[in-house]
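Coordinate analysis (summary)
Here is what each chain is made of, one letter per residue.
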Amino acid sequence: MAQRHLDPPTGPPAGPSPQFPVSAPLSARRGPEEQAGTPTGDALADYLRAQATEFLRSLRAHRESGGAAGGAEDPGEAALALRRSARRISGTLHTFRPLLDAEWSERMRPELAWLSGTLAREHACAARLERLLAALHRLSGSSALPPQPAGAARPAGGPRAQQAVADRGSLTVGAAKAGALLERQLTLARTRAHSAALGALGSSRFHAVADSVAVLASEVPLAPAATGADLRPAADAAGERLSDAVAALPLLTAGHPYNAEALVHGLSPDPAPHPQDGPWHQVRLLLRLHRYAQEVLYGEDAAVDARLSAAGQALNRHRDASEAAAAAASAARTPRIAPATAYALGVLHADQRHEVEAARFAFQQAWQKQTVGTL
């Protein structure tokens, strides 16, 4: 099933928090140098042709690598570049769809989103495993004391200190087995994702997408209305959608580094993705669409807004931690695992939900600076 990763979700929960200042519309933040020119349909066509050319170059590099490491170019890097250009084409078709041939655009967008999503899964599995194993190592610690055998001298420091040593010892015992379990599950998932990606790249569906992109590299199907049209209203609309989605986030609550209320909900046994994370994932996608729109208007080499960049990095960390927590919870539901293993996975899940809250706090701080700078 095609995954529409770049399509904005249906909409954020209604009602911005009245206790937190809502940022000015992103459309009002252009500097004098950005307002000097009027980007038109020609700029849109140039951008789409450039991304289509990059798509074809990355595809050629991936084929020359033979899909295995050690070639002229790392196939992982080639797949990443292929996915990058597919995302940008799909996002641009969405934002500027009134200026493009409607039938062609609606046919291309879901196919590019399918390709991007298929290619993303292998990298996501590898990154998730690396993140979880690093967290297990950090949480257990190489200096952790093992559980005390019966009759051994009890550690000094009173009941709390004794319990802390016991908890850390149990985590150390379970962490190795938890890591092995996660490695088996996520390596299997990565292998399946790799096979799915190879199958997709050899399918007739992909060849149809590649043929369409090859045509796009030389001929962009602009609508008649695109001739001389100003691109900024469509780009501004993308910025407005982002601002509205951010305004609906609980930024006041996220302004506290340790949000106990959100953590309680985050530890609930709801299925992944966690319902509370949805609006934040939506903002991440809308921020990406806004960034692509700015690239169309001012070029990829234009100065990047450092505040938006920091906000985007925080949302990426939020997504990674959320998905890692879900993977830990899924592993903990494995039948017949040892109690120590389940305990380690529970601690790992809680740790990643704390990381989710830390990422929300970082986003709140970045967006607050953005708000103050535009008042």
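As a reminder, the structure under discussion sits directly above these lines.
First things first, this report covers the structure right here in the doc. Remember, it's a predicted structure, so these values are computed and weren't measured experimentally.

Rules and cut-offs
- Residues numbered from 1 in each chain as written.
- Predicted model: local features only at pLDDT ≥ 70, side-chain atom pairs only at ≥ 80, totals over all residues.
- Heavy atoms only, no water.
- Helix = DSSP H or I, 4+ residues; strand = E, 2+ residues; numbered from the N terminus.
- Expected span 1.5 Å × (residues − 1).
- Buried < 20%, exposed > 50% of the residue type's maximum accessible area, 1.4 Å probe, protein only.
- Phe/Tyr/Trp six-rings, centres within 6.5 Å; stacked < 30°, edge-to-face > 60°.
- Lys NZ or Arg CZ within 6 Å of the ring centre and 35° of its normal.
- Axes fitted to C-alpha atoms, helices over the stretch in contact; angles between N-to-C directions.
- Parallel < 35°, antiparallel > 145°, perpendicular 65-115°, else oblique.
- Contact = heavy atoms within 4.5 Å.
- Nonpolar A, V, L, I, M, F, W, Y, C, P; charged D, E, K, R; others polar.

**Some remarks on helix α2 (residues 41-64)**
Compared with an ideal rise of 1.5 Å per residue, which puts 24 residues at 34 Å, α2 spans 35 Å between its outermost C-alpha atoms and is within 8% of the ideal. Turning to α2, its buried residues are Gly-41, Leu-44, Ala-45, Tyr-47, Leu-48, Gln-51, Ala-52, Phe-55, Ser-58, Leu-59, Ala-61 and His-62.

**Brief notes about the packing of aromatic side chains**
In the structure shown here, the tally under the stated rule is 3 aromatic pairs. Aromatic pair Phe-363 and Trp-367: ring centres 5.7 Å apart, planes at 20°, arrangement stacked. Residue Phe-363 and its partner Trp-367 are located together in helix α12 (residues 339-374), separated by 4 residues, close to a single helical turn. Taken individually, Phe-363 and Trp-367 each receive the classification buried, so the pair is uniform in this respect. Each residue in the set Trp-280, Phe-363 and Trp-367 is aromatic and connected to the rest through ring pairs, giving one cluster. Note that Arg-205 overlies the ring of Trp-114, its terminal NZ or CZ placed 4.1 Å from the centroid.

**Considering the packing of helix α4 (residues 102-140) against helix α11 (residues 306-332)**
As a packed pair, α4 and α11 sit with axes 10 Å apart at the nearest point and diverge in direction by 75°. On the basis of the axis angle, α4 is roughly perpendicular to α11. Mapping the contact onto sequence places Arg-128, Arg-131 and Leu-132 in α4 and Arg-317, Asp-320, Ala-321, Glu-323, Ala-324 and Ala-327 in α11. Partitioning the contact of α4 with α11 into residue classes produces 4 nonpolar, no polar and 5 charged.

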